[in-house]
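What follows is each chain in one-letter form.
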Amino acid sequence: RRVHGVRFVNMLINDLTFLLDESLGSIRNIHNVQTLMADETQWNALSQEERANKRRQVSQEESQCKSYMALGNYTLNLLHYLSEGSKTPFLSPDIVARMATMLNWFLGELCGTRYNQLNVTNRHKYRFNPKQVLTQLIEIYLHLDSTQLADAIAGDERSYREEVFQAALKRMKMTLNMRPEAVTQFQTLFQRAHQIYTSRVQEEMDWEDAPDHFRDELTQTVMSDPVELPSGKFIDKSSANRILLDNSIDPFSRMPFTAESLKSCPELKREIETWRNEKLKCHSQDNSGQSK
């Protein structure tokens, strides 16, 4: 039952990521054409054929956006509802990192530097309500508030940005009119995540000289629990689990594989642990010497 729940949540994350990405992409394209049409000099400089092509492009983007946004809103509503009911499947080791990455990415889309590109006339026509989407995303963070989520937020190298969370806090207070308790809870979650992120940045600097065979051959990060794929490549078990949830295809050989086909590497794991402990010991001694 747990496996099916995790797979279902993983499917929802994949669906929502695709639907919102496509919707926001269409809205940006519509914004670009609307901006061009509003500039009479630039618009009139285009040929009749070019103007007709732009109008056709907007019509196609509008049709696509309406469909994707309707499905995206439905999927977001479902994730919001499920996350409020039970944290368990969302905070499983196989899912929480993907959940944080998705939340961070769309938080950045709605609170980051590209938000102005989502400014189009008649937003309701496209079923796009940025305030509602942002509110639901933030509430999902709050539903899943935990040590696991804070750790996953901080571990998201692609999308985690301190300034985006600061902007989200400002929006919560100024435009979303969210409860003071919700603002405080979100701020506390962000502060915990940022503290972990800062520690990790220092840790990654310490890991820079890690031997190549200690690194996940897919992510290039130092492994904690190395496993060998059927292709003979070594990756961390967390990476393997994410692949198994998605398509169960070995990224190196493009051949299908199963959890049973993974080979654990206890000797390599012990070797990595010994190396890590030595590095941490040296780091601790260096800090102790500096504080004297």
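Residues numbered from 1 in each chain as written. Predicted model: local features only at pLDDT ≥ 70, side-chain atom pairs only at ≥ 80, totals over all residues. Heavy atoms only, no water.

## Description of the overall build of the protein
No. 1: The secondary structure content of the protein amounts to 10 helices and three strands.
No. 2: For the protein, the succession of helices and strands along the chain, N to C, is α-α-α-α-α-α-α-α-β-β-α-β-α.
No. 3: Referenced to the eigenvectors of the C-alpha coordinate spread, the extents of the protein come out at roughly 70 × 50 × 45 Å.
No. 4: In the protein, of all internal contacts separated by at least 6 residues, the share reaching a separation of at least 24 is 70%.
No. 5: Entry remark: accessible area of the protein is about 16,400 Å², with carbon and sulfur atoms responsible for 49%.
No. 6: Charged side chains of the protein number 36 positive and 39 negative; the gap between the two group centres comes to 6 Å. (Helix = DSSP H or I, 4+ residues; strand = E, 2+ residues; numbered from the N terminus. Contact = heavy atoms within 4.5 Å. Areas by Shrake-Rupley, 256 points an atom, 1.4 Å probe, with all protein chains shown as cover. Lys, Arg positive; Asp, Glu negative; His and termini not counted. Charge placed at Lys NZ, Arg CZ, Asp CG, Glu CD.)

## Observations concerning the sheet that holds strand E1 (residues 226-228)
No. 1: The strand order across the open sheet built from three strands is E2-E1-E3, with neighbouring strands paired in antiparallel fashion. Two strands close off the open sheet at either side, each with one partner strand: strand E2 (234-236) and strand E3 (263-264).
No. 2: The pairing of E1 with E3 spans two bridges and is antiparallel. Counterpart to Glu228 in the pairing with E3 is Lys263.
No. 3: Packing of helix H9 (residues 237-246) onto the sheet brings it into contact with E1 and E2, and relative to E2 it is tilted by some 85°. (Pairing = 2+ DSSP bridges. Axes fitted to C-alpha atoms, helices over the stretch in contact; angles between N-to-C directions.)

## Structural notes on the layout of surface pockets
No. 1: The computed volume of the largest pocket comes to approximately 1,600 Å³.
No. 2: Lining the largest pocket we find 46 residues, and of these Ala97, Gly155, Thr221, Ser238 and Arg242 sit closest to its centre.
No. 3: Looking at the lining of the largest pocket, the elements that each hand over two or more residues are helix H1 (2-38), helix H4 (96-111), helix H6 (147-154), helix H8 (180-206) and H9.
No. 4: Of the residues belonging to the lining of the largest pocket, the class tally is 16 nonpolar, 11 polar and 19 charged.
No. 5: The computed volume of the second largest pocket comes to approximately 260 Å³.
No. 6: In this structure, the second largest pocket is lined by 14 residues; those nearest its centre are Gly108, Glu109, Gly112, Arg161 and Val164. (1 Å grid on protein atoms, 1.4 Å probe; cavity = no way out; pocket = protein on both sides within 12 Å on 5 of 7 lines; lining within 4 Å. Points joined across faces, edges and corners; volume = space filled by probe spheres on them. Nonpolar A, V, L, I, M, F, W, Y, C, P; charged D, E, K, R; others polar.)

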